[in-house]
Amino acid sequence: ILPGVNAQHQPSTEHNSDSTETKEMFGKVLNTGDFEFHLRSYFMHTNNSHNLLDYSAWGTGAGLGYFSPRWKGLGVGFSGFFVFRHFENNLKELDPQTGMGNRYEISLFDVHHPDNSKDMDRLEEFYVSYDSKKFSAWFGRHHFESPFLNASDNRLRPNLFSGFSGTYTATSGLKISGAWFTHLISRGSLEWTTVAESYGFYSTGRNPLGDGETYKHHVESKGIGVIGLAYDQDKFQVQSWNYLGEGVFATNFTEVTGTITASSSKRWLYGAQGFVQQAVGNGGNEDKTKAYTLPTEKTHGLGLKSGIHWGHSELAFNFLYISDKGRFLFPREWGREKFFISLQRERFEGMGGVRAFGFAYDKTFIHDKLKVSFASSYVQTPGLENLRLNKYGLPNYFHFIGLVDYRFDGFFKGLDLQLLVAHKNEDSSKVIPLEYLINRVNMTNVNLILDYRF
């Protein structure tokens, strides 16, 4: 399924009756809407090397949403969620050897208020929508999915966006999507912020000019614009997305994927991805030391995929190249990039001059209810000393992932249980300072997730 502009929830069945009974009993019509209950419990542990601090946290959240039936294509929806922190270990402590804080576990809760463990609730969806056979539109706070701008839903709560999004689907299979967002809420936050204030919500990394200044609270931008085109046929899919961080940067991402039948039980897989990115205007601020991207900065990249699918198994080999002309930049607060080679617990955002090679193997069991995945990659970075191309200071590293995912059926339908283990190990001939090891490489991250919707 190609990603597109849509909300996570669809209002209930259309109600178009104009009878007197329907008009007088509007409350009864609303009662036919859908209520959704969502429970999510998440335990995470990070084990660091060299006697650096280890971290653990466990939290549970629950939410309730209402999504109305449609009347002449119109519908409304809203939802809220609260989180309770059961347990934490070193979550608010700085590592005594490096002075560095926690990276992964804190985003389960409230990044900017780590002491907050009681009042963790937020209003999430709140929208009016319209849906017809070929066109749908969403106004307000809602979910949005695309290769770069997305929910990044691998913590307790996802990213959501506020503004307008719409999709037109032609009979030919062509889908045209567009969006404009002025506010968003990140997965590690309880507060809706303007797009301008979202830059630097997480770590800003290192300034490419070697200056101590950062772009946090200094970026000027009116919003995020998106235009997407997608074409989906049985064995061939293509999508192209254009992202505009107004006054800051522009990115085009294009992907082609498909399958070739080898036999009755085997299919060859192929895919190619490419992106081009450049600064817009002054990169967010007239002062280069406070800009998100340098005014002259631009780069491009290429991703490739080749593999085979047989029975209930799939094996793919992946590659990613990012030019050394500049860094690939896309705010981590807005989503997670979906390159073929992307693995959980690390990103390519903030780097240029990258070469990455890897494979991924997936197999399903028990009528596809149980999924087991293994993946590995080797990433060549531009080097720790390269401020111009290595924003967060990552050395060359090996990356390993193991995932077991069981989706229940029958009496417990809607329940999903996951175990995710990620390990990263540096590959450098030089001694790496400890501040570039902690929560980056030579570490293991373990996640146990229970998710239930009904």
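Quick look at the structure, then. (Residues numbered from 1 in each chain as written. Predicted model: local features only at pLDDT ≥ 70, side-chain atom pairs only at ≥ 80, totals over all residues. Heavy atoms only, no water.)

1. Overview of the overall build of the chain
For clarity, the threshold we go by: Numbering of helices and strands runs from the N terminus, with a helix taken as a DSSP run of H or I at least four residues long and a strand as a DSSP run of E at least two residues long. Under the scheme applied here, a residue whose accessible area is under 20% of the maximum for its type counts as buried, over 50% as exposed, and between as partly exposed, the area being computed with a 1.4 Å probe on protein chains only. Contacts are residue-level and defined by heavy atoms, with any inter-residue pair within 4.5 Å sufficient. For accessible areas, the Shrake-Rupley method is used with a probe of radius 1.4 Å. Any residue's cover is judged against the shown protein chains and nothing else. Only four residue types enter the charge count, namely Lys and Arg as positive and Asp and Glu as negative; His and the chain termini do not. Throughout, a charge is located at the NZ atom of Lys, the CZ atom of Arg, the CG atom of Asp or the CD atom of Glu.
The helix and strand inventory of the chain stands at three helices and 21 strands. Counting only C-alpha atoms, the chain reaches 80 × 55 × 50 Å along its principal axes. Per-residue burial for the chain yields a buried fraction of 51% across its 454 residues. Restricting to contacts in the chain with at least 6 residues of sequence separation, those with at least 24 account for 64%. Carbon and sulfur atoms form 59% of the exposed surface of the chain, whose accessible area is close to 20,600 Å². The positive charge centre, built from 46 side chains, and the negative charge centre, built from 48, are 5 Å apart in the chain.

2. Here's the deal with the nonpolar core
Here is the rule: Grouping buried Ala, Val, Leu, Ile, Met, Phe, Trp, Tyr and Cys residues that are joined through side-chain atoms within 4.5 Å yields what is termed a nonpolar core.
In this structure, L149, Y199, W334 and F348 are the most contacted members of the largest nonpolar core, which totals 44 residues. Mapped onto this core, the elements with two or more residues apiece are strand 9 (174–185), strand 11 (224–233), strand 12 (236–245), strand 13 (249–261), strand 16 (313–322) and strand 17 (354–365). Counting residues per element, this core draws most heavily on strand 9, which supplies three residues. When neighbours within four sequence positions are excluded, W334 is seen to be in contact with F148, L149, N150, N159, F161, L184, V195, S198, Y199, I224, G245 and F249.

3. Structural notes on the pairing of strand 19 (residues 397–407)
A regular strand places its side chains so that they alternate between the two faces of the sheet. The cut-off we apply is this: At least two bridges found by DSSP between two strands are what make those strands a pair.
Here ten bridges tie strand 18 (residues 370–380) to strand 19, and the two strands are oriented antiparallel to one another. Directly across from S376, in strand 19, lies its bridge partner F400. Judged from the eleven bridges that link them, strand 19 and strand 20 (residues 415–426) form a sheet pairing that is antiparallel. Across the sheet, D405 pairs through a bridge with Q418, a residue of strand 20.

4. Topic: the layout of surface pockets
Short version of the rule: Cavities and pockets were defined on a 1 Å grid built from protein atoms only: a cavity is a group of points that admits a 1.4 Å probe but offers it no way out, a pocket is an open group of points flanked by protein on both sides within 12 Å along at least five of seven lines, and a lining residue is one with an atom within 4 Å of any such point. Grid points are joined across faces, edges and corners, and a volume is the space filled by probe spheres set on the points. Any residue outside Ala, Val, Leu, Ile, Met, Phe, Trp, Tyr, Cys, Pro, Asp, Glu, Lys and Arg is labelled polar, Gly included; the first ten of those are nonpolar and the last four are charged.
Each pocket or cavity is described by its volume, and for the second largest pocket that value is around 940 Å³. Of the residues belonging to the lining of the second largest pocket, the class tally is 13 nonpolar, seven polar and 14 charged.

5. Things to note about the pattern of salt bridges
Defined as follows: Think of a salt bridge as a Lys or Arg side-chain nitrogen and an Asp or Glu carboxyl oxygen that are within 4 Å of each other.
Counted according to the given criterion, the structure contains 16 salt bridges. Where R453 meets E36, a salt bridge forms, and the shortest distance between an N and an O atom there is 3.1 Å. Here R453 is found in strand 21 (residues 443–453), whereas its partner E36 is found in strand 2 (residues 34–48), with 417 residues between them in sequence. Its salt-bridge partner being D451, residue R453 comes within 3.9 Å of it at the nearest N-O pair. On the basis of relative accessibility, which here comes to 26%, the residue R453 falls in the partly exposed class. For D451, a relative accessible area of 12% corresponds to the buried category. Via salt bridges that share partners, E36, R40, D451 and R453 belong to a single interconnected network.

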